[in-house]
Amino acid sequence: GQSLEQPSEVTAVEGAIVQINCTYQTSGFYGLSWYQQHDGGAPTFLSYNGLDGLEETGRFSSFLSRSDSYGYLLLQELQMKDSASYFCARIAGNMLTFGGGTRLMVKP
Amino acid sequence: GAGVSQSPSNKVTEKGKDVELRCDPISGHTALYWYRQSLGQGLEFLIYFQGNSAPDKSGLPSDRFSAERTGGSVSTLTIQRTQQEDSAVYLCASSQSPDRNYGYTFGSGTRLTVV
């Protein structure tokens, strides 16, 4: 079964802010990463959280709370090109385990 | 190379045939991973190579699947006696282990279709 849980689908409008949540199993947990994947494309690395708190990279931010086994990806000023699948991935040991992905649809 | 290169990009094979999928990681990346992604699904871990250490094969779904990495660089994933359920996109990734902050760089994948 999945060791990470994230919503399967999110819809938002252009210019808005959207938050994609991820909860994970704590066994051996080291850190949480986020990846973006456009249809037919390869996953691309967005961010990594090894410590609690917020990491900001341009319009994208990622947050981690180890005590809550929870993280989220925040996308601001949404653009149509942000329509893609977003995966949280748990790092434990040397293995990256992915959630099932959240399909984000940005509407005009 | 500049990125992770995988070949072929598409492969259609008949059930029961063997297939070989190739991954050429970024030069200098010591860690190499194989994942499998079915349509609309997440990524399923298959196998991990780190330097000269024994690979972590814990994700291989059956003994029909095997992989090797020659000279710490190019890797080949072999699927013997392919079955229809093997149809998926096979993704390879490499990283500058153990620096996790840079993430993993994925190739564009090989789309395998077993007919």
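Residues numbered from 1 in each chain as written. Chains lettered and ligands numbered in written order. Predicted model: local features only at pLDDT ≥ 70, side-chain atom pairs only at ≥ 80, totals over all residues. Heavy atoms only, no water.

Report on the overall build of chain A, specifying residues and quantitative values.
Of regular secondary structure, chain A possesses 0 helices and 11 strands. Taken from N to C terminus, the helices and strands of chain A fall in the order β-β-β-β-β-β-β-β-β-β-β. Since a compact globule built from 108 residues should have a radius of gyration of about 13 Å, the 13 Å found for chain A is in line with a globular shape. With respect to the principal axes defined by its C-alpha atoms, chain A has extents near 40 × 30 × 20 Å. Expressed as a percentage of its 108 residues, the buried residues of chain A come to 48%. Taking all contacts inside chain A whose residues are at least 6 apart in sequence as the whole, residues at least 24 apart take part in 57%. Working note: accessible area of chain A is about 5000 Å², and carbon and sulfur atoms make up 49% of it. Side chains of chain A carry 6 positive and 10 negative charges; the gap between the two charge centres is 5 Å. (Helix = DSSP H or I, 4+ residues; strand = E, 2+ residues; numbered from the N terminus. Rg over C-alpha atoms; globule rule 2.2 N^0.38 Å. Buried < 20%, exposed > 50% of the residue type's maximum accessible area, 1.4 Å probe, protein only. Contact = heavy atoms within 4.5 Å. Areas by Shrake-Rupley, 256 points an atom, 1.4 Å probe, with all protein chains shown as cover. Lys, Arg positive; Asp, Glu negative; His and termini not counted. Charge placed at Lys NZ, Arg CZ, Asp CG, Glu CD.)

Outline the sheet that holds strand E7 (residues 60-65) of chain A, listing residues and values.
Residue and element names in this part refer to chain A. Here 5 strands make up an open sheet; going across it, the order is E1-E3-E8-E7-E6 and the pairing antiparallel. Every other strand in the sheet has two partners, leaving strand E1 (4-5) and strand E6 (53-57) as the edge strands with one partner each. Inspection of the sheet shows E7 paired to strand E8 (residues 70-75) by 6 bridges, in the antiparallel sense. Residue pairing for E8: Ser65 is matched across the bridge by Tyr70. (Pairing = 2+ DSSP bridges.)

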